[in-house]
Amino acid sequence: RAKTQGRGQFCFFDEAMDRQATERRQLELELRQTIEDRALQVQYQPLACLETGQVNGFEALVRWNHPEQGYIGPDVFIPIAEESGLINELGDFVLETVIREAASWVPPLRVAINLSPVQFRNKNLITKINKLLEETKLDPGRLELEITEGVLIHDTKTALSTLESLRNLGIRIAMDDFGTGYSSLSYFRMFPFDKVKIDQSFVRDMIQNPQSLAIVQAVIGLGKGLGLSVVGEGVETEEQLAALRDEGCSMVQGFHISRPQPIEYFASVIKRSKVFTENQSGNDSQNS
Ligand code: C2E
Ligand code: MG
Ligand code: MG
Ligand code: MG
């Protein structure tokens, strides 16, 4: 069939695919180097409690500032890392950077880290995380791992036993982007998650779209019934915030509260223990 469409066209597709493959290989090589140089960055986005308005933690989001192409989003380079096997090194970098960073925050501030299903299948994951917790003395209860249903689809039994091991360390587990992909209610019966995050696509149009609103309400009801904390993701307006509050959502995250930022931006919130100790040694009463 391709032949009848003419040679020219056939070649055109061929070349376009070739170019794409070359670009991707190039990006992969650059990503490999960037990970090796430890030159990826991590930004942090606050999660706020709807009732008190208080920030009670941050989600860590990896960033790649490419020297020529500028900012490349994780939606682009995480899949490349997953397919090329770089995700384990990338994930290690994030785990090390973020757990060390969070260990200096004032308790009970929590940190959430996204885990790729590929990382999750790595036999060393638990040992690695445990080592970092021991090294940094971060209370495991202040570490939260965000997984998507992708983790549970394949080899559910192994995935569940990994989740249980993490939980036994005292780490909290959140179900991310719930309502998209292959979300199944039975996951909640298989594993006692601590948190469920409503995917931002539902929050985005819950005001205009009754279907989205119904789904948001259902997930909040589900979370409540199961005793989980429920996060509305991608909150961009006061209206969405108010609607989530009305529906009884427990926590919110989104540009309306804050965009992801380098950790320095939140210096006053996290009150790094270093600064705290310096002040303390100078004059105790100034801290209270
Ligand atoms: P996610 O875990 O669902 O993270 C939330 C995404 O929504 C982030 O995009 C965040 O910047 C964005 N976001 C937050 N609030 C708003 C809002 O109000 N409006 C809009 N339009 N977007 C908002 P980001 O940083 O581009 O990350 C995309 C995805 O990449 C993440 O989705 C997560 O699945 C993955 N990812 C990010 N960092 C890591 C990482 O360190 N490891 C792994 N494995 N995956 C990561
Ligand atoms: Mg997440
Ligand atoms: Mg999400
Ligand atoms: Mg997402």
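Residues numbered from 1 in each chain as written. Chains lettered and ligands numbered in written order. Predicted model: local features only at pLDDT ≥ 70, side-chain atom pairs only at ≥ 80, totals over all residues. Heavy atoms only, no water.

The protein chain is annotated in an unreviewed UniProt entry as EAL domain-containing protein from Parasphingorhabdus cellanae.

## What to know about the nonpolar core
Judged by nonpolar contacts, the single largest core of 72 residues is most densely connected at Y44, L143 and F193. Examining the composition of this core, we find that eight residues originate from one element, helix α3 (residues 87-102), more than from any other. (Core = buried A, V, L, I, M, F, W, Y, C linked by side-chain atoms within 4.5 Å. Buried < 20%, exposed > 50% of the residue type's maximum accessible area, 1.4 Å probe, protein only. Helix = DSSP H or I, 4+ residues; strand = E, 2+ residues; numbered from the N terminus.)

## Quick word on the layout of surface pockets
Estimates place the volume of the largest pocket at around 1000 Å³. As for the largest pocket, its lining consists of 37 residues, of which E59, L61, P74, D75 and N114 are closest to the centre. When its residues are assigned to classes, the lining of the largest pocket shows 16 nonpolar, 11 polar and 10 charged. Here the second largest pocket is characterised by a volume of approximately 180 Å³. As for the second largest pocket, its lining consists of F120, R121, N122, K123, I126, V151, H154, D155, T158, A159, S161 and T162. (1 Å grid on protein atoms, 1.4 Å probe; cavity = no way out; pocket = protein on both sides within 12 Å on 5 of 7 lines; lining within 4 Å. Points joined across faces, edges and corners; volume = space filled by probe spheres on them. Nonpolar A, V, L, I, M, F, W, Y, C, P; charged D, E, K, R; others polar.)

## What about the site of ligand 1?
The environment of ligand 1 is formed by 24 residues, the closest being R63, N114, Q200, E236 and F255. Contact between ligand 1 and E59: an oxygen atom at 3.0 Å from a side-chain N or O atom of the residue. Between a nitrogen atom of ligand 1 and a main-chain N or O atom of V62, the distance comes to 3.2 Å. About the coverage of ligand 1: the protein hides 85% of its 800 Å² of free accessible area. Going through the elements one at a time, β2 (55-66), α2 (74-84) and β6 (172-178) are the ones with two or more residues in the shell around ligand 1. Partitioning the shell around ligand 1 into residue classes produces nine nonpolar, seven polar and eight charged. (Near = heavy atom within 4 Å. Polar contact = N/O pair within 3.5 Å; in protein donor to acceptor, adjacent residues only side chain to side chain. Areas by Shrake-Rupley, 256 points an atom, 1.4 Å probe, with all protein chains shown as cover.)

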